[in-house]
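Read off the chains here:
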Amino acid sequence: MRRLIIACIITIILGVSIYCFTTFIFKDKEEVAVNKEDKNSEETYEFDISYGTKINLEDMEEVIANNKDVVILIGNKEEDATKKVSSLLGNVENVDSLNIYYLEREEMVGKEDLYQSLFVTYPELSNYLNFTPVILVFKDNILMGGLPGGVEAKNIINFLEYTEVL
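Asker: Whenever I open this one, the environment of Asp 113 confuses me. Can you help?
Answerer: Mapped onto the elements, Asp 113 comes out in helix H4 (residues 112–121). Asp 113 sits in the exposed class, given a relative accessible area of 61%.

Asker: What is the right way to look at the environment of Glu 43 in this model?
Answerer: Relative to the elements of secondary structure, Glu 43 occurs in the loop between helix H1 (2–41) and strand E1 (53–55). Here Glu 43 falls in the partly exposed class, since its relative accessible area comes to 46%. The spacing of Glu 43 and Lys 84 is 41 residues in sequence and 9.5 Å in space, taken between C-alpha atoms.

Asker: Is there a simple way to explain the sheet that holds E1 in this structure?
Answerer: Two orientations exist for strands paired in a sheet by backbone hydrogen bonds: parallel and antiparallel. An order of E1-E3-E2-E4-E5 is seen for the 5 strands of this open sheet, with the pairing classed as mixed. With partners counted over all chains shown, the strands left at the sheet margins are E1 and strand E5 (142–148), one partner each. Pairwise comparison of adjacent strand axes, ignoring direction, gives a mean angle of 25 degrees for this sheet. Sheet topology note: the strand E2 (residues 69–75)/strand E4 (residues 134–139) ladder contains 6 bridges and is antiparallel. Bridging from a neighbouring strand, Val 70 pairs with Phe 138 of E4. Contacting E2, strand E3 (100–104) and E4, helix H3 (residues 80–90) crosses the sheet at an angle of about 155 degrees to E2. Contacts from helix H5 (residues 153–162) reach E2, E4 and E5 within the one sheet, and its direction differs from that of E5 by about 170 degrees.

Asker: Help me understand helix H2 (residues 57–66), please; the structure alone is not making it clear to me.
Answerer: Every α-helix carries 3.6 residues per turn, so stepping three or four residues along brings you back to the same face. Three or more residues of H2 are buried, namely Leu 57, Met 60, Val 63 and Ile 64. In an axial view of H2, the angular spread of the buried residues amounts to 95 degrees, which keeps them on one side of the axis. Away from its buried face by more than 90 degrees, H2 exposes Glu 62 and Asn 66. Next to the buried residues of H2 lie E1, E2, E3, H4 and E4.

Asker: Could you clarify how one ought to interpret the nonpolar core in this entry?
Answerer: Across soluble globular proteins, you tend to see nonpolar side chains buried next to one another. Counting 21 residues, the largest nonpolar core has Met 60, Ile 72, Ile 74, Leu 103, Leu 125, Leu 136 and Phe 138 as the members making the most contacts within it. Counting only elements with at least two residues in this core, the list comes to H2, E2, E3, H4 and E4. Examining the composition of this core, we find that 4 residues originate from one element, H2, more than from any other. Those residues in contact with Phe 138, other than ones at most four positions away along the chain, are Ile 64, Lys 68, Asp 69, Val 70, Ile 72, Tyr 122, Leu 125, Leu 143 and Met 144. Core analysis: the next-biggest nonpolar cluster, separate from the first, contains 20 residues, Ile 100, Ile 135, Val 151 and Phe 159 among them.

Asker: In this structure, what is going on with the packing of aromatic side chains? I would like to understand it.
Answerer: In this description, a pair of aromatic rings is defined by centroid distance and the angle of the planes. Taken as a whole, this structure holds 2 aromatic pairs when the rule is applied. Pairing Tyr 122 with Phe 138 gives two aromatic rings, centres 5.1 Å apart and planes at 65 degrees, and the pair type is edge-to-face. Within this pair, whereas Tyr 122 is found in the loop between H4 and E4, its partner Phe 138 is found in strand E4, the two being separated by 16 residues in sequence. Exposure remark for Tyr 122: the relative accessible area of 4% places this residue in the buried category. The exposure class of Phe 138 is buried, given its relative accessible area of 0%.

Rules used throughout
Residues numbered from 1 in each chain as written. Predicted model: local features only at pLDDT ≥ 70, side-chain atom pairs only at ≥ 80, totals over all residues. Heavy atoms only, no water. Helix = DSSP H or I, 4+ residues; strand = E, 2+ residues; numbered from the N terminus. Buried < 20%, exposed > 50% of the residue type's maximum accessible area, 1.4 Å probe, protein only. Pairing = 2+ DSSP bridges. Axes fitted to C-alpha atoms, helices over the stretch in contact; angles between N-to-C directions. Contact = heavy atoms within 4.5 Å. Arc of directions from axis to C-beta. Core = buried A, V, L, I, M, F, W, Y, C linked by side-chain atoms within 4.5 Å. Phe/Tyr/Trp six-rings, centres within 6.5 Å; stacked < 30°, edge-to-face > 60°.

Rendered as structure tokens:
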């Protein structure tokens, strides 16, 4: 009976010491990882469309029709997601070689006739215009696709490569 009690005590002591040891070691690593994530999430972006041209809804159809490749960013310059996407899009390699245009979402309000004519010309556009910001890519007057929402730099690059703009 004495051996059983001693074995139980040793097992409990070993179990508690292993638990404490692993808790302290992995807790420090988790805190470091959390601190790194906090630093990344605190990064602020400024709205930047210096690499593109601002257009209005009336000119959008004409711009799409007159250019071979067109990238249009639709957003609200006051929103954090639009600020982030505009900054990340500006950091893309060879961004100056692209025809990039910016359309303010607020300019679309009250222009239902122009809005509806865009839907008639490009029916797939309704899948993307509910999101802000959204990056639309047109090739030869055809909507190739859109990238909605606040995204990361790698997503933007992959999307532009997928649509064969880059």
